[in-house]
Amino acid sequence: MFAAERRQLILEMVRANGAVSLRELARVVQTSEVTVRRDVRALEAEGLLDRRHGGAVLPGGFTRESGFPQKSHLATAEKTAIADLAASLVGEGEAIVVGAGTTTQELARRLARVPGLTVVTNSLLVAQALAHANRVEVVMTGGTLRGSNYALVGSGAEQSLQGLRVSRAFLSGSGLTAERGLSTSNMLSSSVDRALVQAAAEVVVLADHTKLGSDTMFQTVPTELITRLVTDEPPVHDERAAVELQALADQGVEVTVAGPDADTADGPSGDRRPRRDMPLPGQRRTTTGRNGGLGPQLRSAAPLSDQPPPTGERARVADLRRR
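Notes on the structure follow.

Analysis parameters
Residues numbered from 1 in each chain as written. Predicted model: local features only at pLDDT ≥ 70, side-chain atom pairs only at ≥ 80, totals over all residues. Heavy atoms only, no water. Helix = DSSP H or I, 4+ residues; strand = E, 2+ residues; numbered from the N terminus. Buried < 20%, exposed > 50% of the residue type's maximum accessible area, 1.4 Å probe, protein only. Contact = heavy atoms within 4.5 Å. Pairing = 2+ DSSP bridges. Axes fitted to C-alpha atoms, helices over the stretch in contact; angles between N-to-C directions. Arc of directions from axis to C-beta. Core = buried A, V, L, I, M, F, W, Y, C linked by side-chain atoms within 4.5 Å. Parallel < 35°, antiparallel > 145°, perpendicular 65-115°, else oblique. Nonpolar A, V, L, I, M, F, W, Y, C, P; charged D, E, K, R; others polar.

Further remarks concern the overall build of the protein chain. Of the regular secondary structure elements, the protein chain holds 10 helices and 17 strands. Counting all 323 residues of the protein chain, 54% fall into the buried class. Contacts in the protein chain between residues at least 24 apart in sequence constitute 64% of all its contacts with a sequence separation of at least 6.

A few words on the pairing of strand β11 (residues 181–184). Bridge analysis of strand β10 (residues 175–177) against β11 gives three bridges, and the strand direction is antiparallel. Bridged to G175 within β11 is S183. The antiparallel hairpin formed by β10 and β11 contains three residues in its connecting segment. The pairing of β11 with strand β13 (residues 218–221) spans three bridges and is antiparallel. Note that in β13 the partner of S183 across the bridge is Q219.

Spatial ordering of the open sheet is given by β10-β11-β13, a layout of three strands whose pairing is antiparallel. Among the strands making up the open sheet, the edge pair consists of β10 and β13. Along the sheet, successive strands turn relative to each other by an average axial angle of 35 degrees, direction set aside. Contacting β11 and β13, helix α9 (residues 187–198) runs over the sheet at an angle of about 20 degrees to β13.

What follows deals with helix α2 (residues 22–29). Of the residues making up α2, those classed as buried are L22, L25, A26 and V29. Along the axis of α2, the buried positions cluster into a sector of 100 degrees, meaning they face one direction only. Immediately downstream of α2, the backbone of Q30 shows phi near 60 degrees, a positive value.

Turning next to the nonpolar core. Judged by nonpolar contacts, the single largest core of 30 residues is most densely connected at L176, V205, L229, L248 and V255. Residue assignment for this core shows that the elements contributing at least two residues are β9 (166–171), α9, β12 (200–206), α10 (239–250) and β15 (254–258). In contact with L176, not counting residues within four places along its chain, are G181, L182, V205, A207, K211, L212, G213, S214, I226, L229, E244 and L248. Formed by 25 residues, the second largest nonpolar core is a distinct cluster that contains A81, V114, V126 and L130.

This part covers the sheet that holds strand β3 (residues 55–57). Read across the open sheet, the three strands follow the order β1-β3-β2; overall the sheet is antiparallel. If you trace the sheet from one side to the other, it starts and ends with β1 (19–21) and β2 (50–52), each paired once. Each adjacent strand pair in this sheet contributes to an overall mean axis angle of 25 degrees, direction not counted. The pairing of β1 with β3 spans three bridges and is antiparallel. Paired with S21 across the two strands is G55, which belongs to β3.

Moving on, we get to the pairing of strand β6 (residues 136–140). Every other side chain in a regular strand lies on the same face of the sheet, so the side chains alternate between the two faces. Where strand β5 (residues 117–121) meets β6, five bridges bridge the pair, whose relative direction is parallel. Across the sheet, residue T121 finds its bridge partner in β6, namely M140.

At a minimum axis separation of 9 Å, α2 and helix α3 (residues 33–45) run at an interaxial angle of 105 degrees. Of the possible angle classes, the one that applies to α2 and α3 is roughly perpendicular. Between α2 and α3, the residues in contact are L22, R23, L25, A26 and V29 and E33, V36, R37 and V40, respectively. When its residues are assigned to classes, the contact of α2 with α3 shows six nonpolar, no polar and three charged.

So this is what it looks like as structure tokens:
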């Protein structure tokens, strides 16, 4: 395929889906990610698309947000692996909140098998995934329906969360950086996500590698409030994502990497979860944590199912694994 033909196909894919990962583009045009990256740079120079970390999107900068149909076709394998691993963190009889998003929808499908679970959500898609789970109680917020992502937003949603307290919040977003944390392109969605965070003792962010290093308009969860990040392994040439993961770990976020072809282990919910160890660049570092003790450092760790849940202040050791 000639470069012009390849770039036209890339442009058509981005226009059809709103956002496409470099990995998916390379698969469709049957070339390497290095070549696709050059093509994306050339198209960006012409103003036809915008580069984002690990992918390409339609022009629009910080304010543009893809709709659900576009998001549902982006990084599907990665989202599945992330959802498998995130579900293993949830135990029988827990009460949690789950925000809106395609990755959290995947998580909800797996939570249907956890007995005695209570899920509070503002997402119609999350509620639908759990609608026929006899052993799961679903509590929906009030609010106004936002059709682009099938979520309830506004003052009604925020007020319904007042006085609520649960063990964990599972959230997704449009971008994640060590500097600002999780962010989204919509003001109403960000306000509800902040209310979900206030209701939870711990915050778990679900974000595939295409969101790492991307920053959007409205901050939802600052980095210091994120307990754990569940993500997938970035492509080999995506050094920026690896550096971003290290920066998040340095700030006290436990980073857990999932992979569709990695070894599995049983989680608290009885599911099988994929894992992949990911080496990060640079030497191991020990820093002073926010609680005055030792901060995060890269190390080998036992599986999550073998570790007791964090007590007291949030655990400060990054859950970054190596082979």
